[in-house]
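Reading the structure
Residue strings, one per chain:
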Amino acid sequence: MRVSLNSLEGHLKQGFQPLYLLFGAEPLLVEEALDQVRALARESGYHERLRLTVEAGFDWNLLLAQGQAMSLFSEKKLIELRMPTGKPGDTGTKAIIAYCENMPEDTTLVIISGAVEKRAQTTRWFKAVDTKGIVVESPEIKADRLPDWVSRRMTSKGITYDFKVVDRICQLVEGNLLAAAQEINLLSLLYPGDKITSSIIEKIIADHARFSVYMLADACLSGSVVRATRILQSLKREQAEPIVILWALSRDARTLCQLSAASERTGQSPDRLFKKYGIWSSRSSLITAALRRMGNRQWENILRRLGRADLMLKGSVPMQRRDIWEEIENISLIICGTRIP
């Protein structure tokens, strides 16, 4: 049974269950959900805890054996099975299904996993756990959801704040939820009962923003010049590989070329072609915005620029600007809709 992350605390108060799956793209939130389960386990008399980690060569018979083994002190037992990849393989799938079909008494299994893709959530092991246990996902906190998360987190800590504070914190910690939680905890400890202002934020919070090439691509598609420039500067400071950035931008530019050409050829609106070209619903608004901003000829020109930048990086053609980073910045600004010669 699916239970939302926000509803987990209330659900746990209704009683402890023999099987849980905690998974998601946000490790901090997964671990906090695990802490809630552990707390209830202690209250419910589960004093023996066994930890297993799925890695290369893991023996899945351990899970079945431990599930059936009696506790040395006849106490209730909590088994924590960490499965970082969310992919148990054939042997693991069989073991998990077998466990679900014959769950032992006085034992609770908690499977802790990284992100599990939508397609993988239709696999046999996932369905078995979903049917027999409680499934809780910790979804990624993206930029558009981060302000609400920060606000709720600060409120839960009893912190009052100026309206500008949330935006500034989000800017400083975007892409690094653990840093956000740590800084909010620090604010609650250093300024109990005080109203947090922008000056306090600037004084104690370092810049923890952590970006990826995918965030850069999304910022470019959205047309946000300020955000795209900031992300690119961060990637440069972190010594990201320019070839990976060019790959990410080229992938989107190629898709936009295909979509715009197919739309012009068939007369269909681009959104009707999204499924055919593998556009996920989570990115549909970004792709739509980019297509409205520029047509097929412009996207073809961008793709050519990216191809030439790749040749510059490999030394096959001379660099036209100061370095490859300046070239990538110019292309990024063009994708955002800025006119650059």
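Let us look at the structure shown here. (Residues numbered from 1 in each chain as written. Predicted model: local features only at pLDDT ≥ 70, side-chain atom pairs only at ≥ 80, totals over all residues. Heavy atoms only, no water.)

**Here we look at unusual backbone geometry**
Unlike most non-glycine residues, Asp106 shows phi in positive territory, near 55 degrees. Among the structural elements, Asp106 can be located in the loop between helix H4 (89–101) and strand E4 (107–113). Classification of Asp106 as partly exposed rests on a relative accessible area of 46%. (Helix = DSSP H or I, 4+ residues; strand = E, 2+ residues; numbered from the N terminus. Buried < 20%, exposed > 50% of the residue type's maximum accessible area, 1.4 Å probe, protein only.)

**Observations concerning the pairing of strand E3 (residues 77–83)**
Summarising burial for E3: 6 of the 7 residues are buried, a large majority. Across 7 bridges, E3 lies against E4 in parallel orientation. Looking at the pairing, Met83 lines up with Ser113 of E4. As for the winding sense of the linkage, the β-α-β connection from E3 through H4 to E4 is right-handed. (Pairing = 2+ DSSP bridges. Right-handed = clockwise from strand over helix to strand, strands pointing away.)

**So, the pattern of salt bridges**
In this structure the tally under the stated criterion is 16 salt bridges. Asp218 is the salt-bridge partner of Arg283, the closest N and O atoms lying 2.7 Å from each other. With Arg283 in the loop between helix H12 (242–266) and helix H13 (284–293) and Asp218 in helix H10 (residues 213–222), the pair connects residues that are 65 residues apart, well separated along the chain. For Arg283, a relative accessible area of 18% gives the class buried. Salt bridges sharing common partners tie together Asp35, Arg38, Arg49 and Glu80. (Salt bridge = Lys/Arg side-chain N within 4 Å of Asp/Glu carboxyl O.)

**Quick notes on the packing of aromatic side chains**
Per the stated rule, a full pass over the model turns up 6 aromatic pairs. Between Trp125 and Phe126, the aromatic rings sit 5.5 Å apart at their centres with planes inclined by 75 degrees, giving edge-to-face as the arrangement. Assigned by exposure class, Trp125 and Phe126 land together as buried. Arranged with centres 6.3 Å apart and planes meeting at 85 degrees, the rings of Tyr214 and Trp247 form a pair that is edge-to-face. With a gap of 33 residues between them, Tyr214 in helix H10 and Trp247 in helix H12 connect regions that are remote in the sequence. By way of ring pairs, the aromatic residues Phe16, Tyr20 and Tyr46 are connected into one cluster. (Phe/Tyr/Trp six-rings, centres within 6.5 Å; stacked < 30°, edge-to-face > 60°.)

**Concerning the packing of helix H6 (residues 146–156) against helix H8 (residues 177–190)**
Here H6 crosses H8 at 30 degrees, and the two axes come no closer than 10 Å. By the angle between their axes, H6 is roughly parallel relative to H8. Crossing geometry of H6 relative to H8 is assigned as right-handed. Across the interface between the two elements, Leu146, Trp149, Val150, Arg153 and Met154 of H6 pack against Leu177, Ala180, Ala181, Ile184 and Leu187 of H8. For the contact of H6 with H8, the per-class residue count stands at 9 nonpolar, no polar and 1 charged. (Axes fitted to C-alpha atoms, helices over the stretch in contact; angles between N-to-C directions. Parallel < 35°, antiparallel > 145°, perpendicular 65-115°, else oblique. Left-handed = near helix turned anticlockwise from the far one by under 90°. Contact = heavy atoms within 4.5 Å. Nonpolar A, V, L, I, M, F, W, Y, C, P; charged D, E, K, R; others polar.)

**Some points on the nonpolar core**
In terms of nonpolar packing, the biggest core is built from 40 residues, with Leu216, Ile245, Leu249, Ile287, Trp299 and Ile302 touching the most fellow members. At the level of elements, H10, helix H11 (225–237), H12, H13, helix H14 (296–313) and helix H15 (324–336) are the ones that each hand at least two residues to this core. Among the elements that make up this core, the one with the highest residue count is H12 (9 residues). Among residues more than four places away in sequence, those in contact with Leu216 are Ala228, Ile231, Leu232, Leu235, Ile245 and Ser332. (Core = buried A, V, L, I, M, F, W, Y, C linked by side-chain atoms within 4.5 Å.)

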